[in-house]
Amino acid sequence: MKKKLVILASTLLLTFSTLSNAITLNDLQQLFSKNQVIRADFTQDRYINGLTSPIHSTGKMIISKELGLWWQQKTPFAMTLKMNQQRMEQHIEGQAAEVITAEKQPQLFQFNHLLTAIFTADKKILETNFAITIAEQNKQWTVTLQPKLAPLNKIFKSIVLNGKSYLETVTINDMQNDKTELTFTNHKTAKLSQDEQLLFR
Amino acid sequence: MKKYLNLTFLLLSLLISACSSQPKSEAWLTKEIKVNLPKIDLNQDYHDQQLLTFKYNNQENSVITVVEIKNNQLKVMGLSTIGIRLFEIQYNGSEVKAKQYIFIKQFPPPEQVLSDIMLSILPTTSWQNVLPPNWQLMDKGLFRTLINDQKQTIINITYNKKVSTEIRKPIKIDHAIFGYQITIKSME
């Protein structure tokens, strides 16, 4: 894929020799959809306006095109989230799992589709909902999404995605001046093992 | 991703627009007994970040709370388990300011959370001034108990440390009258 990107970028450069932003949304869409599975470790810092220190959490996650998202927070308390197109489940250690379904909460799920679009860089949906700026330096790209439509523009100031071969950081700036910084490291793309498949159940 | 949920809850916060209220600085100890909240007169600041699990009618709900006392001003911020603002309460010793961003079913009103937190962290002497006649708030070992004039236990608070000059951080609050239990896990 990197090669493809380089070729694409070179072609673009040849075609428009003055163009500095070699990477396009199309390229990112391809890049994001390249892998069936992505595993990564994450750290999240949530800066709440008015609080002295951020809420820091860490864990690991798996995104599978087929099965959805599995997100396991390990610190500061154990919590697992599972999500696919039909169902969301949250499980805090020592408590019963909480299930939210598409039938019960259609709006939440409509919203999820939009967010899935962000992580798959779905061009059509993103362009409808956001003003998009893409910048690139040394193959490191930054995509800034500024919501154009309600309700997104009432919640977010901007969502900034950053990465190279994979999505590496996400910064969410919201209207209440809270900020979330997510960092993904240790990306792996091998096929899901049987044990891993069970995690999505 | 986790963000999906983050964002969906943010969407919820839009659907249920933030509402502000300025309740009096009062707390219900039972269904009939209401008291004024005591003034905060501490010679130390306090900070705790905790996962608070509220259990009522066999249902459990968790929130993250951040409790800060600075110069005797108390601030409690409630966040969902994935970090979305739910409520914010400020108490300056005479006035409570509460802001609720998202309403959660099965969770006590912010003012109730505030009084439970104050019952747990203020010295018993602060409370003794505002309690009804013959009510008592007593520290014994790892426990603090609120007893009414009939010697019935109203609230029982558990700590993991014995009484000292440091403010103790509670790990469990049982409300015998309202029938709820709050378990508190420090996130620090």
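Residues numbered from 1 in each chain as written. Chains lettered and ligands numbered in written order. Predicted model: local features only at pLDDT ≥ 70, side-chain atom pairs only at ≥ 80, totals over all residues. Heavy atoms only, no water.

Here we look at the overall build of chain B
The secondary structure content of chain B amounts to three helices and 13 strands. Counting over 188 residues, chain B shows a buried share of 55%. Contacts in chain B between residues at least 24 apart in sequence constitute 46% of all its contacts with a sequence separation of at least 6. Here chain B displays about 8,700 Å² of accessible surface, and carbon together with sulfur accounts for 48% of that area. (Helix = DSSP H or I, 4+ residues; strand = E, 2+ residues; numbered from the N terminus. Buried < 20%, exposed > 50% of the residue type's maximum accessible area, 1.4 Å probe, protein only. Contact = heavy atoms within 4.5 Å. Areas by Shrake-Rupley, 256 points an atom, 1.4 Å probe, with all protein chains shown as cover.)

Topic: the pairing of strand β13 (residues 180-186) of chain B
All names here are of chain B. Both strand β4 (residues 46-56) and β13 contribute to a ladder of six bridges, which runs antiparallel. Bridging from a neighbouring strand, Q50 pairs with S186 of β13. Examined bridge by bridge, strand β12 (residues 170-175) and β13 share four bridges and lie antiparallel to one another. Across the sheet, H175 pairs through a bridge with Y180, a residue of β13. In textbook terms, the turn of a hairpin is the stretch between consecutive antiparallel strands, and for β12 and β13 this stretch comprises four residues, one of which, G179, has a positive phi near 75°. (Pairing = 2+ DSSP bridges.)

Let's talk about the sheet that holds strand β1 (residues 37-47) of chain A
Residue and element names in this part refer to chain A. Strand order in this open sheet of eleven strands is β6-β5-β4-β3-β2-β1-β11-β10-β9-β8-β7, and the pairing throughout is antiparallel. For this open sheet the edge positions go to β6 (98-101) and β7 (130-137), each flanked by a neighbour on one side alone. The mean angle between the axes of side-by-side strands here comes to 15°, regardless of whether they run parallel or antiparallel. Examined bridge by bridge, strand β4 (residues 79-83) and strand β5 (residues 87-92) share five bridges and lie antiparallel to one another. If you follow M79 over to β5, its bridge partner there is I92. In this fold helix α2 (residues 25-32) packs onto β7, β8 (140-147) and β10 (167-174), with an angle of close to 105° to the strand it touches most, β8. (Axes fitted to C-alpha atoms, helices over the stretch in contact; angles between N-to-C directions.)

With respect to unusual backbone geometry
Looking along the chain, the bond that leaves T75 of chain A and enters P76 of chain A is cis, with omega of 0°. Along the polypeptide, P76 of chain A turns up in the loop between β3 (68-75) and β4. Unlike most non-glycine residues, N72 of chain B shows phi in positive territory, near 65°. Summarising the element assignment, N72 of chain B is placed in the loop between β5 (59-70) and β6 (73-79). With a phi angle near 70°, N134 of chain B is a residue other than glycine that sits in the positive phi range. Within the secondary structure, N134 of chain B sits in the loop between α3 (124-128) and β9 (136-140).

Quick word on the confidence of the model for chain B
Residue and element names in this part refer to chain B. Here chain B shows a mean pLDDT of 85. Residues at 70 or above account for 86%. Contacts of residues 1-19 to residues separated by more than four positions or lying in other chains number 69 contacts, the stretch itself having pLDDT below 50. Interface confidence in the predicted complex, given as ipTM, is 0.72; pTM for the same model is 0.77. (pLDDT = per-residue confidence, 0-100.)

Description of empty space enclosed by the protein
The method is simple in principle: a probe with the dimensions of a water molecule rolls over the atoms, and the space it marks as empty is what remains. All names here are of chain B. Taken as a whole and judged by the stated rule, the model has two cavities of 30 Å³ or more. In this model, the largest cavity occupies a volume close to 90 Å³. Around the largest cavity sit 13 residues that line it, and Q50, I117, P170, I173 and I184 are the ones nearest its centre. Among the secondary structure elements, those contributing two or more residues to the lining of the largest cavity are β4, α2 (110-121), β12 and β13. Residue contributions to the lining of the largest cavity peak at five residues, all from α2. Its residues assigned to classes, the lining of the largest cavity shows ten nonpolar, two polar and one charged. Considering only enclosed or pocket space, the second largest cavity measures out at about 60 Å³ in volume. (1 Å grid on protein atoms, 1.4 Å probe; cavity = no way out; pocket = protein on both sides within 12 Å on 5 of 7 lines; lining within 4 Å. Points joined across faces, edges and corners; volume = space filled by probe spheres on them. Nonpolar A, V, L, I, M, F, W, Y, C, P; charged D, E, K, R; others polar.)

Digging into α2 of chain B
Relative to the 16 Å expected for twelve residues at 1.5 Å per residue, α2 of chain B spans 17 Å between its end C-alpha atoms, a close match to the ideal helical length. Burial within α2 of chain B is extensive, with eleven of its twelve residues counted as buried. (Expected span 1.5 Å × (residues − 1).)

A closer look at the environment of V163 of chain B
Residues and elements named next belong to chain B. On the secondary structure map, V163 appears in the loop between β11 (153-159) and β12. Sequence separation of V163 and L142 is 21 residues, and the distance between their C-alpha atoms is 7.5 Å. Apart from the residues within four sequence positions on either side, V163 is in contact with D139, G141 and R168.

Brief notes about the packing of aromatic side chains
All names here are of chain B. Enumeration over the complete set of coordinates arrives at six aromatic pairs over all chains. Aromatic pair F54 and Y180: ring centres 5.0 Å apart, planes at 50°, arrangement tilted. Residue F54 is located in strand β4, and its partner Y180 is located in strand β13; the two are separated by 126 residues in the primary sequence. The pair formed by F54 and Y180 is uniform in burial state, with each residue classed as buried. Taken together, F54, Y56, F178 and Y180 form an aromatic cluster joined through their ring pairs. (Phe/Tyr/Trp six-rings, centres within 6.5 Å; stacked < 30°, edge-to-face > 60°.)

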